[in-house]
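# A closer look at the structure
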Amino acid sequence: MKIRILGCGPSNGLPSLSRGYGLCDPKEPKNNRTRSSALIQTNDHRHILIDTGPEVRLQLIGAGNPKIDAVLYTHHHYDHMGGADDLRSFTADRQQPLPIYLSAIDKNNFLKSWGYLLNQGQMQLNVIEPFRPFFIGNTEILPVRQYHGTQISMGFRFQNFAYSTDVKTMDLEGFEALKGIDAWVLGVVSSRANFKHVHLSEALQWIDRVQAKRTWLTHMGQRLDYQTLCQELPAHIRPAYDGLEIEVA
Ligand SMILES: [Zn+2]
Ligand SMILES: [Zn+2]
């Protein structure tokens, strides 16, 4: 399985319109971060897109413009769903509707803004529930419940890999569901406490707890400079960057 980090930026991207690069070095290209999103290439050669932020078109062109077979949503915030209209590009020549997987709440929010996309039956919204696995082709996917401020967001485990962003806390079941993963992409927005996101020192405890062999940080904001993180973090934890590819056996 191959994972491409399409974007690893915070909700307002980096540089942001209000704060620029903040504490990040503007001369380091890996500090240019579009909104967080990932592309999974499964062992049976399907492309699964996680989230469609506002930069999804450019992110997918950068990834070689692959055909998308399914879309998973972590939650309905603009930085994760705001580019949904671009999914039209993947519905035109399909025999079957494009399958989209999201929670019941996110389905309602999707329909409010993008209900028109379903008019011609080219997409199919599938409601998923925490800890109820489902399959896309031969790949089993386990949704993991996450608490994100006052909302619930969804993490996803695919075999030995998990993608967990926009998460402040998880319950015991969530941590148990992630045990034994080889590779983890974890959203950490700041080194400071945050109401909606786990911060850096909490994240290090989580990585210990889950015993993930390798972890990449995503959703990183203006306090998390790429090179500083590379120097300060242990070798099995790395900051992601836009375009990073991770292989998982
Ligand atoms: Zn976000
Ligand atoms: Zn969010």
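The following paragraphs examine the structure supplied in this document. (Residues numbered from 1 in each chain as written. Chains lettered and ligands numbered in written order. Predicted model: local features only at pLDDT ≥ 70, side-chain atom pairs only at ≥ 80, totals over all residues. Heavy atoms only, no water.)

### What about the environment of Gly 9?
To keep it simple, the criterion reads: By definition, any uninterrupted DSSP run of H or I lasting at least four residues is a helix, any uninterrupted run of E lasting at least two residues is a strand, and each is numbered from the N terminus. Throughout, a residue-residue contact means that at least one pair of heavy atoms, one from each residue, lies within 4.5 Å.
Note on placement: Gly 9 falls in the loop between β1 (2–7) and β2 (37–41). The sequence separation of Gly 9 and Asn 32 amounts to 23 residues, and the corresponding C-alpha distance is 7.9 Å. Leave out the neighbours within four places in its chain, and Gly 9 touches Arg 33, Thr 34, Arg 35, Ser 36, His 219 and Met 220.

### Comments concerning the coordination of the zinc ion (ligand 2)
Rules: Each metal's donors are the N, O and S atoms found within 2.8 Å of it, except that Na, K and Ca use a 3.2 Å limit; water is left out, so coordination can look incomplete. A four-donor site is classed as tetrahedral when every donor-metal-donor angle falls between 85 and 135 degrees; four donors are called square planar, and six octahedral, when trans pairs exceed 155 degrees and all remaining angles lie between 65 and 115, with any other arrangement labelled irregular. Relative accessibility decides the category of a residue: with a 1.4 Å probe and only protein chains considered, values under 20% of the type maximum give buried, values over 50% give exposed, and everything between is partly exposed.
On the protein side, the zinc ion (ligand 2) has His 75 (NE2), His 77 (ND1), His 148 (NE2) and Asp 166 (OD) as donor atoms, found 2.1 to 2.4 Å from it. Every donor counted, the 4 donor atoms about the zinc ion (ligand 2) form angles of 92 to 168° at the centre, which fits irregular coordination. The sequence pattern formed by the donor residues of the zinc ion (ligand 2) is H-x1-H-x70-H-x17-D. The metal-metal distance between the zinc ion (ligand 2) and the zinc ion (ligand 1) is 3.5 Å, with Asp 166 coordinating both. With His 77 in the loop between β4 (70–72) and α2 (78–81) and Asp 166 in the loop between β10 (161–164) and α4 (172–178), this residue pair connects regions lying 89 residues apart in the sequence. Using a relative accessible area of 17% as the deciding quantity, one classes His 77 as buried. On the accessibility criterion, Asp 166 (1% relative accessible area) is buried.

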